[in-house]
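Summary of the model geometry
Take a look at the letters that make up each chain.
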Amino acid sequence: MGNPKRDPQSLAADAEGRNPQLVNSVARAFSILRCFEQVRSHPEHRYLGNQEIARRTRLPKATVSRLSQTLATLGYLEYSPTLEKYALGPAVLGLGHAYMAGHDVIGIAQPLMQELADYTQAAVMLAVPEGMRMLLLEVCQGDAMFNMRLEKGARVPHGTTALGRADLAARSRDAFDGYLAELERTSSPAGWAQIRAGIERARQDYETYGFVFSLGDWNPDVFAVGVPMISADRTRRFAFNVSGRLSVMTREKLVQDFGPRLVALRNRVYEATEGRF
C-alpha cells in the first residue's frame, strides 16, 4: 500500500559506507534512538534492552552497550535497573520542543490549516522530508468522524502520499532522479513499477495544476491533494495536504476547490515568512 518499509537503522548503516564525511559513532547513536520511534503506536516498545537494540540496529552488542550508556549519561536515554532496559530520556523532548518553537512556519500555518480543515471537513497536514519519508509537523482535523490515526511526529511514505509526492515534485530533475534510484533500491521489485508511475504522474500533475494527488494510492479509502513550499534560498522544503474520506473528496472537488485553496494557504504562509524558513 505504501513504499516497502526499510528500517532507519539499516539506512544509517548504509550511509556510513556511502558518505565519507559521516561520523560513524554519531550515526550509530542516532540509530539507537530511532529504535524507540514505535513507542507512540506500540507502548510495549517503551523499554528496550541492549540485545533487542543490537538486533534492530544490526550493531555489535558491545557497541550498543557503550553508546546506550553514553546516551543515558547525556539524558537522551533513561536506564531502568529493575528491567535492565532503556527508555527515551527527557533530553529528546527538549530537542523536539526546540525544533517546533524554532519554526515560524508552524505557528503561522496552524490557524490557516484549521480553517481549511473545517471548510473541507478533512484533515490538513504539514510535513517536512526526513530521509525516505515525510515527518508530520502539524495535523488539523475538520471531521471528528474521520481519523487516520496520524499525529504530529508520525511518518508517512514519500512515493504514495500527497505529502511525499508534493515534496518530490518540487525537486530539481537531478535530485528527483537520484531519489528515484534510491527508492528503487529499497523497494520490492513487484511494487516498484506502480510506485514510480504514481510519482512520475504526480510530477506532471504539479506542472499542470500546481498540486499533486494521491487517489487511494496509500490508503484505498482516502483521497488527498498536496502542495510543496520551498524556501527562498531553495534549501528547505515543506509540504501541505488536504486528506479526506471518499464520501467527501472527489478528484473534481480537489481540482476545482480544495487544491486551489491549499495553494492559497501555502502562499499566505510563504508570504508571511517571506520565504525564510
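Here is what the cut-offs are and how they apply
Residues numbered from 1 in each chain as written. Predicted model: local features only at pLDDT ≥ 70, side-chain atom pairs only at ≥ 80, totals over all residues. Heavy atoms only, no water. Helix = DSSP H or I, 4+ residues; strand = E, 2+ residues; numbered from the N terminus. Buried < 20%, exposed > 50% of the residue type's maximum accessible area, 1.4 Å probe, protein only. Contact = heavy atoms within 4.5 Å. Areas by Shrake-Rupley, 256 points an atom, 1.4 Å probe, with all protein chains shown as cover. Pairing = 2+ DSSP bridges. Axes fitted to C-alpha atoms, helices over the stretch in contact; angles between N-to-C directions. 1 Å grid on protein atoms, 1.4 Å probe; cavity = no way out; pocket = protein on both sides within 12 Å on 5 of 7 lines; lining within 4 Å. Points joined across faces, edges and corners; volume = space filled by probe spheres on them. Nonpolar A, V, L, I, M, F, W, Y, C, P; charged D, E, K, R; others polar. Salt bridge = Lys/Arg side-chain N within 4 Å of Asp/Glu carboxyl O. Expected span 1.5 Å × (residues − 1). Arc of directions from axis to C-beta. pLDDT = per-residue confidence, 0-100.

1. What to know about the overall build of the chain
For the chain, the count of helices and strands is ten helices and eight strands. Burial statistics for the chain: of 277 residues in total, 46% are counted as buried. Put simply, of all contacts in the chain between residues at least 6 apart along the chain, 58% involve residues at least 24 apart. When the accessible surface of the chain is totalled, it reaches about 14,200 Å², and 52% of it is carbon and sulfur.

2. Observations regarding the sheet that holds strand β5 (residues 155-157)
Taken in spatial order, the six strands line up as β5-β4-β3-β8-β7-β6 in an open sheet, and their pairing is antiparallel. Lying at the two open borders of the sheet, with one neighbouring strand each, are β5 and β6 (212-215). Each strand of the sheet is rotated relative to its neighbour by a mean of 35°, with strand direction disregarded. Across the sheet, helix α7 (residues 162-169) lies against β3 (123-130), β4 (133-141), β5, β6, β7 (222-230) and β8 (237-245), angled at about 150° from β6, the strand it touches most.

3. Focus: the layout of surface pockets
Each pocket or cavity is described by its volume, and for the second largest pocket that value is around 160 Å³. Contributing to the lining of the second largest pocket are Leu112, Glu115, Leu116, Tyr119, Arg261, Ala264, Leu265 and Arg268. Among the elements of the structure, α6 (104-120) and α10 (251-273) are those that each provide at least two residues to the lining of the second largest pocket. For the lining of the second largest pocket, a count of residues per class yields five nonpolar, no polar and three charged.

4. What about the pattern of salt bridges?
Evaluation of the coordinates by the stated rule reveals 16 salt bridges. In this structure, Glu37 engages Arg155 in a salt bridge whose closest nitrogen and oxygen atoms are separated by 3.2 Å. Taken together, the residues span a long stretch of sequence, with Glu37 in the loop between α2 (24-33) and α3 (50-57) and Arg155 in strand β5 at a distance of 118 residues. For Glu37, a relative accessible area of 31% puts it in the partly exposed group. The exposure class assigned to Arg155 is partly exposed, which follows from its relative accessible area of 25%.

5. Remarks on the pairing of β6
Remember that side chains alternate between the two faces of the sheet whenever the strand is regular. With four bridges connecting them, β6 and β7 associate as antiparallel partners. Residue pairing in the sheet places Val212 in a bridge with Gly226 of β7. What sits between the antiparallel neighbours β6 and β7 is a turn of six residues, in which Gly216 has the positive phi angle 80°.

6. Section: helix α8 (residues 173-186)
For α8, which comprises 14 residues, the first-to-last C-alpha distance of 20 Å matches the rise-based estimate of 20 Å (1.5 Å per residue) to within 8%. Residues of α8 that are buried: Phe176, Tyr179, Leu180, Glu182, Leu183 and Thr186. End-on, the buried residues of α8 take up no more than an arc of 165°, which puts them together on one face.

7. Quick notes on the confidence of the model for the chain
With 89% of its residues at a pLDDT of 70 or more, the chain has an overall mean of 89. Within the chain, the element-level pLDDT minimum falls on helix α1 (residues 8-18), averaging 48, and the maximum on β6, averaging 98. Confidence drops under a pLDDT of 50 for residues 1-6, and excluding neighbours within four residues, the segment shows 26 contacts in the predicted structure.

8. A few points about empty space enclosed by the protein
Using the criterion set out here, one finds two cavities of 30 Å³ or more in the structure. Estimates place the volume of the largest cavity at around 130 Å³. Thr161, Trp218, Ala224, Asn241 and Ser243 are, among the 16 residues lining the largest cavity, the residues nearest its centre. Taken together, the elements giving at least two residues each to the lining of the largest cavity come down to α7, β7 and β8. The greatest single-element share of the lining of the largest cavity, amounting to three residues, is contributed by β7. Residue composition of the lining of the largest cavity, by class: ten nonpolar, five polar and one charged.

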